[in-house]
Amino acid sequence: MEQAISPAQLQSLAQAQARRYRLTQAPRYQAAPTPERRLAKAAAADADRVTGGNGQARRVTMQTPEFAVRILNHLSHGATSASLAEFKALGTDDNARLTAYIDRQLNWEAIDDSAVESRLASAGYTTLAKTLPQLWTQHVRQDDYNTRMRPGWEIQRAALVRAVYSKRQLREMATTFWHDHFNVQLSDYSACPVYVHYDRDVIRPHVFGNFRAMLEDVAKSNAMLHYLDNLSNRRAGPNENFARELLELHTFGAENYLGFMDPFQVPPCPEDPAYPIGYTDIDVYETAAAFTGWTLKNGHWEFPDENDGTFVYRPSWHDTGPKYVLGRFIYPEQPALKDGRDILDRIASHPRVATFICSKLIRRFVDDAPPRDLVDSAAAIFRQHWQSGDQIKRTLRHILLSDAARGSWGNKQRRPFEAIAAALRVLDCDWTYRLDDARSNDLNWRMGFTGHQPYDWPAPNGYPDKSLSWSGANSYAMTWKALNWLTEASLSDTARLLPILETTRSGVPVAQWTAKRLVDFWCLRILGYLPASAQHQALLGFMAQNGDAATYVIADNDTWAANDLKRHYNQSRLRSMVSLILMSPEFLAR
């Protein structure tokens with residue numbers, strides 16, 4: 001990509017684009033939004049976030065847990081007794097522990113995670129190690145529906161297994177973030193059989209790596225080429241789906257979309273005048289042209305002998321003409337792939353892209369309303385290192401060690417999948433979620449009703465990441481039902497899914513089973529602290545019934561005694577009390 005052309009050439013190019021896109025009538029142009037209009041729109045969005053759009057602020061007062069609990073609930077799928085002990089052993093003060101924990105988690109390759117891989121293998125996961133050509137041959141080029149969809153279904157269930165058991169917790173959190181960012185719906189008929197490749201070979205290698213490299217691997221991936229239709233993008237019939245989502249969802253954000261306006265009239269970006277302030281519809285069209293010919297070996301009638309599912313560049317399908325994208329001229333007849341790669345370079349180095357990506361990272365790991373100063377400082381690091389192999393690691397480390405991250409609590413809410421994973425972690429689960437298993441299918445069915453099955457959001461924008469999006473009555477009710485099911489589900493006539501009674505007996509001697517001891521034990525184990533007085537008293541009242549919470553010893557049995565509720569189904573009541581803690585705002589807060 002050339003850095004400059006002469007004024008005369010630029011004028012000729014503008015005239016050529018005006019003819020190509022019929023930019024002949026000024027009223028069709030859309031003026032660039034002013035900074036004041038952008039700020040007003042952002043302020044209105046923030047106000048809606050706080051008030052729910054109805055002008056009435058809603059607050060929930062909760063106790064503030066200790067530092068270790070807050071950090072692990074932000075940076076893992078839930079603090080457990082074991083992870084808290086490990087965190088506290090990392091240093092002599094909170095800052096030292098946090099730094100050591102983050103550096104250890106970012107250096108994920110040094111963490112032995114063989115136990116979770118063995119767990120998956122022993123639970124009947126059979127497709128996770130298959131290459132893309134193997135997936136294509138064994139799951140795409142055959143007729144059985146269940147066989148076709150199994151790779152995606154395994155990835156979906158493996159996501160929960162890894163969230164619960166992996167020692168690489170921050171990597172699992174980051175993997176979910178990037179899956180949401182580069183969303184491909186897992187249940188898509190074309191994507192599902194190759195989803196192992198998308199997760200293992202496209203997303204996971206880059207979660208702490210380089211954004212520019214991830215962009216190209218996503219663009220070449222079988223799953224994304226199917227999902228956003230670029231496999232059929234050719235000069236004889238261009239398809240702009242991928243190009244539009246590349247600019248709107250993957251890089252710039254809708255806030256930097258300028259609409260249908262003359263690209264030669266786009267103002268310069270204040271952060272770096274060498275770049276335009278945003279992108280236009282014509283940038284979309286030109287980007288689509290640049291990615292013509294990026295497709296797959298899928299047995300297309302022109303190339304019937306090439307059919308293994310891997311990426312291929314078809315020169316005969318590519319629009320080799322000149323292009324003008326994001327303020328830069330692309331010369332005609334460039335070498336293979338160079339048009340698209342030049343655009344990816346331009347995008348990855350753009351200051352507004354850095355701001356958009358860092359805002360999303362901060363929203364995921366810190367606060368629904370990313371602090372502006374942290375966004376700016378993170379974006380500076382992100383852009384400075386846009387060609388570095390550890391760009392994302394550097395940026396994320398800066399975010400997670402910031403004052404905003406250290407002090408954040410209750411500004412995020414666990415989404416349904418995260419709540420279920422946290423519950424399984426904190427309740428000492430040793431059961432493996434898998435295919436071809438009745439209890440796993442029960443949980444899968446219930447998770448579907450929560451609206452948060454891993455990687456299965458139908459639209460290209462990925463699952464919402466603001467608490468308000470998950471604050472509806474149905475979302476809460478279905479999440480609560482799933483959490484309650486976990487505490488009651490049985491694996492057999494003698495074994496339950498979660499060892500709640502066994503954990504209680506090991507933590508509180510049966511002779512000391514007062515309501516207060518039981519409630520306090522489980523609050524500390526699940527939450528890491530005792531909730532505020534009102535919530536604490538409600539739990540005590542439920543567990544004690546008509547007995548004295550401090551002195552009456554509850555028997556370790558499950559007999560019927562409806563006329564004396566303090567003796568009525570004691571073990572069932574204990575499990576229900578645990579369920580109530582899981583449903584509490586304290587447990588669902590991050």
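Residues numbered from 1 in each chain as written. Predicted model: local features only at pLDDT ≥ 70, side-chain atom pairs only at ≥ 80, totals over all residues. Heavy atoms only, no water.

Right, let's talk about the overall build of the protein for a bit. Looking only at helices and strands, the protein has 27 helices and six strands in total. A compact globule built from 590 residues should have a C-alpha radius of gyration of about 25 Å, and the protein, at 27 Å, falls within 12% of that. Each principal axis of the C-alpha atoms in the protein carries an extent, and together these give about 90 × 55 × 45 Å. For the protein, the centre of its 67 positive side-chain charges and the centre of its 66 negative side-chain charges are spaced 2 Å apart. (Helix = DSSP H or I, 4+ residues; strand = E, 2+ residues; numbered from the N terminus. Rg over C-alpha atoms; globule rule 2.2 N^0.38 Å. Lys, Arg positive; Asp, Glu negative; His and termini not counted. Charge placed at Lys NZ, Arg CZ, Asp CG, Glu CD.)

A few words now on the pattern of salt bridges. Under the definition given, this model contains 38 salt bridges. Note that Asp180 and Arg415 form a salt bridge whose closest N and O atoms lie 3.2 Å from each other. Residue Asp180 is found in helix α9 (residues 169-181), and its partner Arg415 is found in the loop between α19 (403-407) and α20 (416-426); the two are separated by 235 residues along the sequence. The burial state of Asp180 is the same as that of Arg415; both residues are buried. Between Arg204 and Asp199 there is a salt bridge whose closest N-O contact spans 2.9 Å. In this structure Arg204 comes out as buried when scored by relative accessible area, which is 7%. Members of the salt-bridge network, linked through shared partners, are Asp180, Arg364, Asp368, Lys412, Arg415, Glu418 and Asp465. (Salt bridge = Lys/Arg side-chain N within 4 Å of Asp/Glu carboxyl O. Buried < 20%, exposed > 50% of the residue type's maximum accessible area, 1.4 Å probe, protein only.)

This part takes up the pairing of strand β2 (residues 272-276). With two bridges connecting them, strand β1 (residues 268-269) and β2 associate as antiparallel partners. Note that in β2 the partner of Pro268 across the bridge is Pro276. The turn joining β1 and β2, which pair antiparallel and follow one another in sequence, is formed by two residues. (Pairing = 2+ DSSP bridges.)

So, on to the state of the cysteines. One pass over the full model with this rule turns up zero disulfides. The closest cysteine sulfur to the non-disulfide-bonded Cys358 is located on Cys269, 14 Å from its own sulfur. (Disulfide = S-S within 2.5 Å.)

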